[in-house]
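What follows is the residue order along each chain.
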Amino acid sequence: MTDIQKNQWIAAAAEDPEAVFSDGAAGMELISYGHEADEKREAMQGAVMKDMAGAGLVFVSGEPGLKLLRRLLASDAEKFSSGQAFRSVLLNASGGVMLEVHVLALPGNAWRLVLPPSGADAGLAWMRQVAIAFEAHVQAMASGHAFWLAGPRAAEVLEKAGVPAPRDGAFKEIAVREGDAFLSVAAFSGLYLIAGDAESASEFWNLLKASGARPAGEHAFEVVRALHCLPAPGAEYDEMSSPLE
């Protein structure tokens with residue numbers, strides 16, 4: 001993913017003189033929109049949206065794709081039916097944890113993976129390298145984008161936006177305009193991962209904002225991570241960690 005693709009998602013916030021940024025592993029990270037305390041409070045009491053600028057969306061399919069996932073993931077993708085979503089880790093050459101991934105099982109023996117911004121480029125390169133041995137095709141969705149919706153009122157906000165919240169461990173495809181456009185909402189233990197083409201994701205972001213979700217930065221999402229006991233790369237795990245841990 002190019003720097004331009006990463007930066008277009010923080011361009012609007014960058015125009016706000018109150019927004020706070022810092023250098024991160026995936027480029028410029030939005031720390032807050034200028035009201036960090038309010039964002040943290042909303043994360044605990046309402047609904048917040050955390051942009052994933054630079055996230056990678058990857059598509060694999062067929063028996064070669066399944067063999068690739070068997071080699072790379074710590075979870076067995078074959079055990080998940082169409083419409084299910086699961087969280088796993090991508091393994092490096094020695095079997096250690098390379099990065100966290102979220103996987104959507106699609107119809108027709110296909111899978112969509114969402115790679116975090118901090119490891120999207122390296123993860124995609126590693127997947128393509130390993131794919132050669134299995135004759136699998138790894139398709140990167142160049143215009144793909146993802147963001148999180150979280151907080152105790154997240155499901156309520158989704159309903160208000162016209163999308164019934166999926167049950168935990170499942171996802172819903174949202175009808176969007178024709179062509180290559182797509183958009184999905186996946187549920188992971190009280191958090192909702194929205195992923196799709198850039199334009200559809202942007203439109204849904206604005207719809208959720210109008211429905212009561214507050215855009216929030218990295219520090220507010222750290223509150224969400226702590227509340228849901230989610231591990232953080234570089235803190236609770238790194239490439240020396242075993243998936244058994």
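Residues numbered from 1 in each chain as written. Predicted model: local features only at pLDDT ≥ 70, side-chain atom pairs only at ≥ 80, totals over all residues. Heavy atoms only, no water.

Trainee: Can you lay out the pattern of salt bridges for me, pointing to particular residues and giving the numbers?
Mentor: Per the counting criterion, the structure on display carries 9 salt bridges. For the salt bridge of Glu78 with Arg70, the shortest nitrogen-to-oxygen distance reads 2.5 Å. Overall, Arg70 belongs to the partly exposed group, its relative accessible area being 41%. Two residues, Glu156 and Arg153, come together in a salt bridge whose shortest N-O distance is 3.1 Å. (Salt bridge = Lys/Arg side-chain N within 4 Å of Asp/Glu carboxyl O. Buried < 20%, exposed > 50% of the residue type's maximum accessible area, 1.4 Å probe, protein only.)

Trainee: Account for the sheet that holds strand β13 (residues 214–216), with residues named and values stated.
Mentor: Strand order in this open sheet of 6 strands is β10-β11-β12-β9-β3-β13, and the pairing throughout is mixed. Where the open sheet ends on each side, the last strands, each with one partner, are β10 (171–173) and β13. Within this sheet the neighbouring strands show an average axis-to-axis angle of 25 degrees, counted without direction. Where β10 and strand β11 (residues 183–188) come together, 3 bridges link them in antiparallel fashion. If you follow Glu173 over to β11, its bridge partner there is Ser184. Against the sheet, helix α3 (residues 36–45) contacts β3 (48–51) and β13, and its axis sits at roughly 115 degrees relative to β13. Here helix α8 (residues 218–227) sits on the sheet in contact with β3, β9 (144–150), β12 (191–197) and β13, set at roughly 115 degrees to β3. (Pairing = 2+ DSSP bridges. Helix = DSSP H or I, 4+ residues; strand = E, 2+ residues; numbered from the N terminus. Axes fitted to C-alpha atoms, helices over the stretch in contact; angles between N-to-C directions. Contact = heavy atoms within 4.5 Å.)

Trainee: Any chance you could break down the pairing of strand β5 (residues 85–91) for me, citing the residues and the numbers?
Mentor: For β5, the buried fraction is high: 6 of the 7 residues fall into the buried class. Note: β5 against strand β6 (residues 97–106), 7 bridges, orientation antiparallel. By the bridge assignment for β6, Leu90 is matched with Leu99. Counting the residues in the hairpin turn of β5 and β6 gives 5 residues, including Gly95, whose phi is positive at 85 degrees.

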